[in-house]
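Notes for the structure review
Listed below, chain by chain, are the residues.
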Amino acid sequence: MYKLFFVFLILLSSSFCAKAKTSYFGEESWSGLDFDGKEIVFRDLDVSEIAINVYSPDCVPCYKEIPSLNLIADEIENHPKKAFFLVVDPKQILPDSDPNISFAESYQLAKVRMLEEVKNRNIKAKVLFMKPSFQVGTNALVTGTPETILMETNPLRIYYNFIGSISEKSNPTEIRNESKYQFFRHQFGLSSL
């Protein structure tokens with residue numbers, strides 16, 4: 001009798017245990033191409049955390065945010081278990097293109113546009129052109145830019161999402177003193193508050 005009761009308690013308690021962490025937004029399939037055409041698959045990166053900043057050349061807050069993103073990109077270089085990317089949805093940054101354009105075509109056109117952005121705006125972050133499993137738009141996870149998404153790995157999943165700019169200041173000292181910048185650093189495990 002006691003054995004049956006014990007087995008019942010084990011089965012009952014296992015149904016109330018917390019479920020394993022899982023992906024919620026399809027992020028386990030996210031990947032993109034860099035300027036050289038090399039594919040970066042987020043789930044395959046040997047890091048503990050990934051931050052992606054979703055960028056558009058037509059977004060004023062996006063390019064005002066570049067000085068703070070450059071500070072982040074510089075700091076991440078000292079953290080080999082973290083990765084930071086500035087990502088674009090190629091179709092989203094080509095607003096006048098054919099909606100049925102292939103990814104290969106949109107990548108080539110977006111690459112030309114982003115090379116100019118990197119040069120003219122002094123972008124230091126690694127740029128990725130996201131494949132179609134990721135998109136910016138009305139029915140997507142990311143509906144507008146800028147947005148910074150924090151993900152942990154094993155399994156790959158989003159754990160925090162910053163809507164809007166991290167900072168629009170241009171002076172490094174002012175950026176470092178801004179509470180949202182400090183909160184980003186805390187959330188991404190770069191500092192404690």
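Quick summary incoming for the structure in this document. (Residues numbered from 1 in each chain as written. Predicted model: local features only at pLDDT ≥ 70, side-chain atom pairs only at ≥ 80, totals over all residues. Heavy atoms only, no water.)

1. Notes on the pairing of strand β4 (residues 82-88)
To keep it simple, the criterion reads: Relative accessibility under 20% of the residue-type maximum defines a buried residue, over 50% an exposed one, and the middle range a partly exposed one, all with a 1.4 Å probe and only protein chains included. A run of H or I in DSSP becomes a helix once it reaches four residues, and a run of E becomes a strand once it reaches two; helices and strands are each numbered from the N terminus. Any two strands with at least two DSSP bridges between them are considered paired.
Taking burial as the measure, the seven residues of β4 include seven buried ones, the bulk of the element. Judged by which residues are buried, β4 turns out to be covered on both faces: Lys82, Phe84, Leu86 and Val88 on one side and Ala83, Phe85 and Val87 on the other are all buried. Alignment of strand β3 (residues 49-54) against β4, held across six bridges, turns out to be parallel. Across the sheet, isoleucine 52 pairs through a bridge with phenylalanine 85, a residue of β4. Relative to strand β5 (residues 126-130), β4 runs parallel, the two sharing four bridges. By the bridge assignment for β5, valine 88 is matched with phenylalanine 129.

2. Some points on the pattern of salt bridges
For clarity, the threshold we go by: Definition used for salt bridges: Asp or Glu carboxyl oxygen within 4 Å of a side-chain nitrogen of Lys or Arg.
Going through the model one piece at a time under the given rule, you end up with eight salt bridges. Its salt-bridge partner being glutamate 39, residue lysine 131 comes within 3.4 Å of it at the nearest N-O pair. A residue pair is termed long-range when its members are at least 10 positions apart, and lysine 131 in the loop between β5 and β6 (147-152) and glutamate 39 in strand β2 (residues 39-41) qualify at 92 residues. Lysine 131 gets classed as partly exposed once you look at its relative accessible area, which sits at 25%. As a salt-bridge pair, aspartate 46 and lysine 81 come within 3.0 Å of each other at their nearest N and O atoms. Of this pair, aspartate 46 sits in the loop between β2 and β3 while lysine 81 sits in the loop between α3 (66-76) and β4, and the two are 35 residues apart along the sequence. Assessed through its relative accessible area of 40%, lysine 81 is described here as partly exposed.

The values are spatial; any link to function lies outside them.
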